[in-house]
Amino acid sequence: MLLSSSDLNAAFAFAERLRTSIETTDLSRFATDFRVTVSIGVASSKFQLRNSQEFLFKAADKALYKAKELGRNNTVIYRPPNTANPESITAAV
Amino acid sequence: MQFWMLLPWMFLFSIITKQSLANEPLPLNDYHLESWTTKSGLPHNSINAISQTSDGYLWVATWEGIARFNGRDFKVFNKKNNDVFAKTSAISAIATCDNSNNLIATDIIGGVNQFKNNSWSKINKTPPFARALHCDSFNNVWAGLDSGETIKVSVSGNSNIFLGDSERSGGAVYSILGDSSGGVWVGTVKSAFHISDTLTVSDVYQQAGLQSQPTFSILKDTNEDLLLGTNDGVYRLKGNDLVRLSPKLAGLTVSYMLLDSQHSLWVGTINNGLYRISQLGVEKYTSNPLLNNRIITVFEDKEHNIWVGTNGGLMKLRQTPFSTFTNTRGLKSDFIRSLVELDNGDVLVGSSGGIDVIKDNEVLPFPSEANIVNESILSMAKGNNDALWIGTYTEGLTLLRRNNFIKSYKRVDGLAADEVRAILATDDKVYVGTSDGLSILSDSGFENFRIQDGMAGNFVLSMFQSKDDTVWIGTSTGINRIRKNGNLEKFELIDFPDVHFIFGFYENDESPFIWFATDAGLLRYNPVTEDIFQVNQEADLPFDKFFGIEMDSIGNFWLSGNQGILQVSESQVMEYIDGKIQKLDYKLFGESDGLISKQSNGGAGTPIVKKRDGSLWFATAKGVSKLDPDKLKISNLSGPPVAIEELIVDGVSMDLGQPIHLASDTERVEIHFSGLGLATPESIHLATFMEGIDSDWVWSTNRNLREYNNLPAGHYRFLIAAKYGRFKNEELSASQILEFQIHPKFWETKSFFITASLLAASFLYFIHILRLRNITKLKAKLHKKVAYQTKELQRQTDSLQEISFQKTKLLEELRLQSKKFEKMALEDPLTGLLNRRAFDAILSDKAAEQNAQGLCLLILDIDNFKMINDRFSHSVGDEVLACVAHALKSNCRDEDTIARWGGRSS
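Residues numbered from 1 in each chain as written. Chains lettered and ligands numbered in written order. Predicted model: local features only at pLDDT ≥ 70, side-chain atom pairs only at ≥ 80, totals over all residues. Heavy atoms only, no water.

A. View of the overall build of chain A. Each helix and strand in chain A was counted, giving 3 helices and 3 strands. Each helix and strand of chain A, placed in order from N terminus to C terminus, yields the pattern β-α-β-α-β-α. Looking at chain A as a whole, 47% of its 93 residues qualify as buried. Residue pairs at least 24 apart in sequence account for 49% of intrachain contacts in chain A once pairs closer than 6 positions are excluded. Carbon together with sulfur atoms contributes 50% to the accessible area of chain A, which is approximately 4700 Å² in total. (Helix = DSSP H or I, 4+ residues; strand = E, 2+ residues; numbered from the N terminus. Buried < 20%, exposed > 50% of the residue type's maximum accessible area, 1.4 Å probe, protein only. Contact = heavy atoms within 4.5 Å. Areas by Shrake-Rupley, 256 points an atom, 1.4 Å probe, with all protein chains shown as cover.)

B. Examining the side chain of R450 of chain B more closely. Residue and element names in this part refer to chain B. Along the chain, the position of R450 falls in the loop between β41 (445-449) and β42 (460-465). At 3.1 Å, the side chain of R450 and the backbone oxygen of A416 are in polar contact. Residue contacts for R450: discarding those within four places in its chain leaves R411, A416, D436, G437, M455 and N458. (Polar contact = N/O pair within 3.5 Å; in protein donor to acceptor, adjacent residues only side chain to side chain.)

C. Just a nonpolar patch on the surface, in detail. On the surface, F763, F766, I767 and L770 of chain B cluster together to form a nonpolar patch covering roughly 390 Å² of accessible area. Tracing the backbone shows F766 of chain B in helix α5 (residues 750-826). (Patch = residues over 30% accessible without salt bridge, like charges linked within 9 Å, V, L, I, M, F, W, Y side chains within 5 Å. Salt bridge = Lys/Arg side-chain N within 4 Å of Asp/Glu carboxyl O.)

D. Looking closely at the state of the cysteines. Residue and element names in this part refer to chain B. Counting across every chain of the model gives 1 disulfide over all chains. Sulfur-sulfur distance for the disulfide between C97 and C135 comes to 1.6 Å. Between C97 and C135, the S-S torsion sits near 90°, and that sign places the bridge as right-handed. Of the two residues, C97 sits in strand β6 (residues 91-97) while C135 sits in strand β10 (residues 130-135), which places them 38 residues apart along the sequence. Judged by its relative accessible area of 2%, C97 falls in the buried class. (Disulfide = S-S within 2.5 Å.)

E. Region of the structure containing the sheet that holds strand β46 (residues 502-506) of chain B. All names here are of chain B. Spatially, β46-β47-β48-β49 is the arrangement adopted by the 4 strands of the open sheet, whose pairing is antiparallel. Where the open sheet ends on each side, the last strands, each with one partner, are β46 and β49 (532-535). Going from strand to strand, the sheet's axes swing by 20° on average, the running direction of each strand aside. Bridge analysis of strand β48 (residues 521-525) against β49 gives 4 bridges, and the strand direction is antiparallel. Each bridged residue has a counterpart across the sheet, and for L522 the counterpart in β49 is V535. (Pairing = 2+ DSSP bridges. Axes fitted to C-alpha atoms, helices over the stretch in contact; angles between N-to-C directions.)

F. A look at the packing of helix α1 (residues 8-23) of chain A against helix α8 (residues 874-891) of chain B. Contact pair α1 of chain A / α8 of chain B: the axes reach a minimum separation of 10 Å and the direction vectors enclose 140°. As far as their axial angle goes, α8 of chain B and α1 of chain A are oblique. Like other packed secondary-structure pairs, α1 of chain A and α8 of chain B cross with a definite hand, here right-handed. Contacts from F14, R17, L18, S21 and I22 of chain A in α1 of chain A reach V884, A887, L888 and N891 of chain B in α8 of chain B. By residue class, the composition of the contact of α1 of chain A with α8 of chain B is 6 nonpolar, 2 polar and 1 charged. (Parallel < 35°, antiparallel > 145°, perpendicular 65-115°, else oblique. Left-handed = near helix turned anticlockwise from the far one by under 90°. Nonpolar A, V, L, I, M, F, W, Y, C, P; charged D, E, K, R; others polar.)

G. Examining the sheet that holds strand β63 (residues 705-709) of chain B more closely. Residues and elements named next belong to chain B. Taken in spatial order, the 4 strands line up as β58-β57-β60-β63 in an open sheet, and their pairing is antiparallel. Whereas interior strands pair on both sides, the edge strands pair on one side only; in this sheet they are β58 (652-653) and β63. By the bridge criterion, 5 bridges tie strand β60 (residues 668-675) to β63 in an arrangement that is antiparallel. In the strand pairing of β63, H672 is matched with L705.

H. Structural detail: the nonpolar core. M1 and V36 of chain A together with L858 of chain B are the most contacted members of the largest nonpolar core, which has 32 residues in total. At the level of elements, α1 and β2 (38-44) of chain A together with β66 (855-862) and α8 of chain B are the ones that each hand at least two residues to this core. In terms of nonpolar packing, the next biggest core, distinct from the first, is built from 24 residues, A679, M690, Y716 and L738 of chain B among them. (Core = buried A, V, L, I, M, F, W, Y, C linked by side-chain atoms within 4.5 Å.)

I. How the structure looks around unusual backbone geometry. All names here are of chain A. A positive phi is found at R72, a non-glycine position, where the angle reads about 65°. Within the secondary structure layout, R72 lies in the loop between α2 (52-69) and β3 (75-77). Accessibility expressed as a relative area gives 35% for R72, which makes it partly exposed.

In structure tokens:
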């Protein structure tokens, strides 16, 4: 979903609204305990200069993955990766 | 006594005419050496003589034939492919004649052969085995024989004049040098002689009242004094005095001498390698053991490469912008990681084998007793009070003071890890970057920082103190900085998700910017506005993983990487960032520029150092490479000459020495050509153009061949242009033209055309008469036919009108159908949302227009959707999808875009 003229805070609020709205949708006609939840990844292109299309997809996808990782039914905003991989540096040395 | 010791040196410097210091020759051991042997196409490894013809080819005489070199490969002429060498392929000597247009080669049994107009011929004969050969300005060939005789042979006639005899010359002639009046100087195994144009012979040594000496090489210096290469070094004959040129050469047997265009004297010895006497004194080439072989001949080509013929192959010495110190020049290891300039201008080299010092162009052992000298070094930094901090791969951190061991720190002493990749010593603290966090050493001991303490990553690669006293820390996952307040903070690169490794930092006094060398390009940070810009491969750079960053004294960035070293001007980078230019004009330096390996190192220590004298030093996987940016002009060679190597017409090689006429039934024309640059043949770019056939110049960098099939008859001009390095279109101009003619087929000739035209005209006249007679008959018949056909036409018109009506109806149906299809092509049929294709198109439009305000992309995925499908059914799954789509639609504003994107809806 592509939001025009939105900042990250607004996008987050919007995503949360969506998430709750889907979570509370009445689906009892299929089964009594039936509920559908969604995970949402959010990315903003605000400062990105080049390649924003690819960047957006990559970033939103990463955030979505994180949301899933956090136990689903979640909204996550893209943050740069935070884990080191010391092995990969040996190629550069 | 003192005077006598000085004298040789005085003469030594008088070899060199007044040259400015700016033209100072390159230190001999900085020359880049390349070598060729039988493995690379030479017919034999013993090189008897080297020469170059005016077309640009280099010629090499061997015992198994004569090889012509175009910079890439050798074409060998021998008994297998040429009748001239039918009796023997052993070529003992070569020389150029007629302003270097022709080549003369003598074979071991006395044949004098000439290569002229692209073919060999036997022009004369001498007794066997000429070792020395000279062609004078009257095109007489002088041959010095193993028997001791010197023979003058005329190229044009048959006259052979025999001079001297073995008794007098004392044995084999090794060297012949022409004088200005048609005579020659001859060096033999016993003495040196002058033979005048009137064939008067005199002994050079005896004339001066001196003892004769074996003389293997004779030259004239720029003062017209004779230089004599003997079995006891080099002497100069000044008047009647014989003066030793350099005491360093005493006792050495000189095999060959060459005075190069810079007036340096090259001296080859029988078993002691190659020497050079120049402004820089007497030097011996020790950079490569290949030149310890017997030196047979030395030659300077038009591009000032020095070619050396040895009994172990052909060598080329070239002045390159980079000069590389390796293991063979004394380094402990070739894998270099860190460089430091010491206060006295020496360069400290830290490698996988330990520490060395480069002082005045020479590798010396690091004068310290400490064990650290032989450890695998990762990083080095100078500190206060002559401190030298050294980081190792496995042995932690060591402090030396005035080269004495003071202390070493390991993990057990509180250091974050024993692998120390970067060190920064400030006035009161030492920052130590390790493979597992940052350690800060102060009077109160170590304080360690890892991810949980606010580090962007634990694997520290680089450190830097900027002029505002901020300490910058580059890790494998981002940047930290410590500002004056002493707090460690993360430096966010959220807008650059492709940047992970920060290998280096750069700033200068002239501009406010700080530059980061990263694995995804160069970043420019403005500390005032906090703007960051990225310069990567989109700027047309050949690669954008940069290990090291430095700037030379004329405003060029130097960026080192795995694919070589890039030079790009700072002002261009600024213009690119400002959007004024779309591409950066860079120079890429690699193996042909004197690097032994273009793979630069990084990720630890300081991979580039700029010395106070302006020189730049680079750590590579194969040694330390030094660049004097002032010497860069050496690589700006003018365009190399171009040669047509072969013209093959329907499988047959054509004689290029004659005007070329090709038969009318010619099918296939192959043109083989070559840029005859001997300096860096791999960097030659060629462009070709066949007038009237090619619509534009055609580039050939690798394949020096053009093919044409079924060319029509006519006159053809094939143009070739060549240049070192990349061409710009406006620089194109042909430096070689191949012309040839394809004859017309017999029906394309003029006489055939006239005969055929006359025949056709009379035939047409005959037909005309016949027709006139027929026409009258036909007229009556026609009248009848016209009436019938008018009726038929009316019937056809009616039926056509009916068809046209049906067609309009059908078209309208098709239009409605296609509108439906178009909608289907952009929509997901299940949810009624846009599909992926439509979404991508909209995103690409919006990304372009909405840049200022920014966009947000949400990817939404239904949790455990597969389970829903499995547990209920696919039709329930479809309904859930529709429900979610509905929820999305009802929460959305008009300006937002929703689509179902593949397996997911986003």
